[in-house]
Every structure is written in C-alpha cells, then in structure tokens.
Amino acid sequence: MIEVVPERRDAVPCPEPYAIGLLRSMLRIPSPSCGEAPLARHVVAAMTELGFTRARVDEAGNAVGEIVRGEGPTVMLLGHMDTVSGSVPVRVEGDRLYGRGAVDAKGPLASMICAAVNAEGFRGRLVVVGAVEEETPGSRGAVFVREAHVRPDALIIGEPSGWDTVVLGYKGKLDLRYRVECPATHPSSPAPQAAEQVAAGWRTLLSVLGSDPADPRAGGFDEPTATLVSVSGDPVSAEAEYSIRTPLGYDTEGLVAELRRQLAPRGTLDVVGAVAACRTGRGDPVVRSLSAAIRSRRAAPRMKVKSGTSDMNTLAEAWQVPMATYGPGDSALDHADDEHILLSEYLDGIGVLASALEDIGRRLGCGRDGKVSAPVSAVAAEGGAR
C-alpha cells in the first residue's frame, strides 16, 4: 500500500511534517533499477502539489520538476530514484527512518525537492531531477539528461555525503568482461582449461595495474584499484567480470589495449561500461555556497572525495559547470539491510540546501558568461581531501 503524502495547502516553505511525510511515502514505493515508474509518477505528483512551475516524467523515465523565480541562473539538483534490490521495512524508531533508499538516494532526492521549494530568495530557474538507473552500469537517466536537457549554470548531485560534508569528486570506473572458450577435453588433460585461464586473467589484470587488493595501503584516490566481481564457468566455457576504479587522468584505453594484448590469445575482453574520474575544488562556487550554508548551522564543513562513482561522473564528462555532491545520510549504510536516515539530519540537509541555493543564485546571478565557473577538471588542483 502506498502511503499518501499529507495534503499541503499552504504556500512555501515546506513544513517539516510534510518533508518527513514525503520521504516516508517515497520509501514505501519500491523502485529497483528499471522499475522506477511508479515512484516517478508519485514524485511528479508531489512536485505539482508543492507548487513547482512544471513537473513531468521525461522520455527516459526521469521525474523532472522546475521552479522559475524570475531572471537568473539555472541550477539543477539531480538525485536518483532507483535502489538496489531487497526490502527494508519502512518504519520510524526514534530519530531513525528505515527503508530501502533512505540514504541511497531517496533521502537526498526528497531533501532537494523540499529545498527547492524553501529557497524563496533564489532568483532564476531550479530544476530537480529524479534520475533512473543510477545503480546500473549505464546510468541511463543521467546520460539522457546530459544529452537532451539544457545544460545548467550549476549542478548539485544528490548522494549521501552527511549533512555537514561536501563531496568534491569520485574515482572513475571501468567494467570489463573476460570470456574464454576451450575445446572439451578430459579433466586430467594437461591442455588449458577455460576456468583456469579466466583465473589467470585476474592475476594478469593485477599485474598490469600494479595493484594488490590485500595491501592495506592501496586504494587511495590517486591509485587504480580492481575488484573481481564474479567468476563462473567450467573447463569448456568460463567468464569473469572485473571492476576497476580509476584516478583522474588515467589512461583507460591504454589499459584495455595492454590487457587485450596479454589476454586475447586465450579469450575475449569486452568493455561493459566506462566513466572517467571527476573532481572539483574548494573554490568552486557550489562548494563555497554549500560550505557557507553548513557553517551557518554552526558546523565546520568537511570535504571528501570518494572511491565509488555517481551521476556526477556522467555529467562532468560533458558539463564544465560548477558542481558538487551533497545530501543527508551516512553512505556507510548504502545498500545495507538496516538502511536508515536520521530525521534530524534529513531536515538539516534541507536547510543547508535551501540556503546554498540562495547563495548560488547570488554568486552566479551577475554573470552567465561562464567567467564565474570553477569547472570540474580532469586535473586535481585541490589536495588533501579523502
């Protein structure tokens, strides 16, 4: 049964009971990747009730809402609606709201919807997007936004950073599939076996990368790392999937070429998906506005970079605009069986975003010629964050 969002008849701002009810209603609608349509309709209905100038489901299935408040810059807030599979019963225990997607990433998306409404001092155009299929290799929703939507003047990606933390960047990702086929032979034959060669392919990958997954010092933002995602097969046919996290400026084409040179005699190596690393700096207007908003709530803003990927990677490949990632929630609870968000943190996140949007509008309102931009770069000028 879908919980109905409490009726809202008053004008902005969005009151706290409504904000909590909105998130709770979103959690009650299952939205695994490729199954987001019911949630998209619900989000569009909520945006319409909240007074968005326009709300719709676009051709990719993304939920898109716009608020226009006079002349000024366009700021996009993009979170994702899809979740990994599995159910977490929706319930409130004290300050904790449980549910699949509470932190990854319905909580950040709901906070963006409410913050857009609450940012009464913002002048310009706000676009809130609930994207589909972020949890899949293709990120189809964000790719469609990148190709079909008008590029904004600034961008905030909604992922759980913690209400007092701004994410400056993400590693890139390279997904590979290695297949080996061998003639059928007796198990005692010394001839190469498919499963054995797939296992040897993993060792080859680690050797080419110069990476040791067992080394506790490995895995920094500036180093490539690899994960053996899956292995299956038998002596005749076998395959493995590898996921490689890549640093800024990493030569993925060169890596694939070298792996194919070493592995091709035994099997076929295919690129399943690839996205480059991205990173912005502390001087980025979006980062500065988020930091100022966090400080206004008597907290010291923290900065971090992440070894995972998000839709920030996808959009940064084409949009050289000020951007950062922000959202309430503890990312350690992503995909967890006890996934939950602190309601106090969720409400703080709404406040931070609303204040940041008003500040971004002031920072960018004087110049739409790109001079104020601190674009995401493939070269890290900012150091020290982890």
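Going by the structure above, here's the rest.
What comes next is a walk through the structure.

## Here's the deal with the environment of Asp-270
With respect to the helices and strands, Asp-270 occurs in strand E12 (residues 268-275). Look at Asp-270 and you get partly exposed, because its relative accessible area is 28%. Expressed as a C-alpha distance, the spacing of Asp-270 and Glu-241, which sit 29 residues apart in the sequence, is 9.6 Å. Apart from residues lying up to four places away in sequence, Asp-270 is in contact with Asp-175, Leu-176, Arg-177, Arg-179 and Arg-260. At 3.1 Å, the side chain of Asp-270 and the side chain of Arg-179 are in polar contact.

## Points about the sheet that holds strand E10 (residues 225-233)
Spatially, four strands are ordered E10-E11-E9-E12 in an open sheet, and the strand pairing comes out antiparallel. The outermost strands of the open sheet, each flanked by one partner alone, are E10 and E12. Between one strand and the next, the sheet's axes are offset by a mean angle of 15°, whatever the strand orientation. Note: strand E9 (residues 172-181) against E12, seven bridges, orientation antiparallel. Of the residues in E12, the one forming a bridge with Leu-174 is Ala-274.

## Considering the sheet that holds strand E16 (residues 340-342)
One open sheet accounts for three strands, arranged E4-E5-E16; its pairing is antiparallel. Each edge of the open sheet is held by one strand with a lone partner, namely strand E4 (91-93) and E16. Averaged over all adjacent pairs, the angle separating strand axes in this sheet is 25°, with direction ignored. Here E4 pairs with strand E5 (residues 96-98) via three bridges, running antiparallel. Within the sheet, the bridge partner assigned to Val-92 lies in E5 and is Leu-97. Helix H1 (residues 16-27) contacts E4, E5 and E16 of the sheet and is inclined by roughly 25° relative to E5.

Conventions used here
- Residues numbered from 1 in each chain as written.
- Predicted model: local features only at pLDDT ≥ 70, side-chain atom pairs only at ≥ 80, totals over all residues.
- Heavy atoms only, no water.
- Helix = DSSP H or I, 4+ residues; strand = E, 2+ residues; numbered from the N terminus.
- Buried < 20%, exposed > 50% of the residue type's maximum accessible area, 1.4 Å probe, protein only.
- Contact = heavy atoms within 4.5 Å.
- Polar contact = N/O pair within 3.5 Å; in protein donor to acceptor, adjacent residues only side chain to side chain.
- Pairing = 2+ DSSP bridges.
- Axes fitted to C-alpha atoms, helices over the stretch in contact; angles between N-to-C directions.

Without other data, these values stay purely geometric and don't point to any function.
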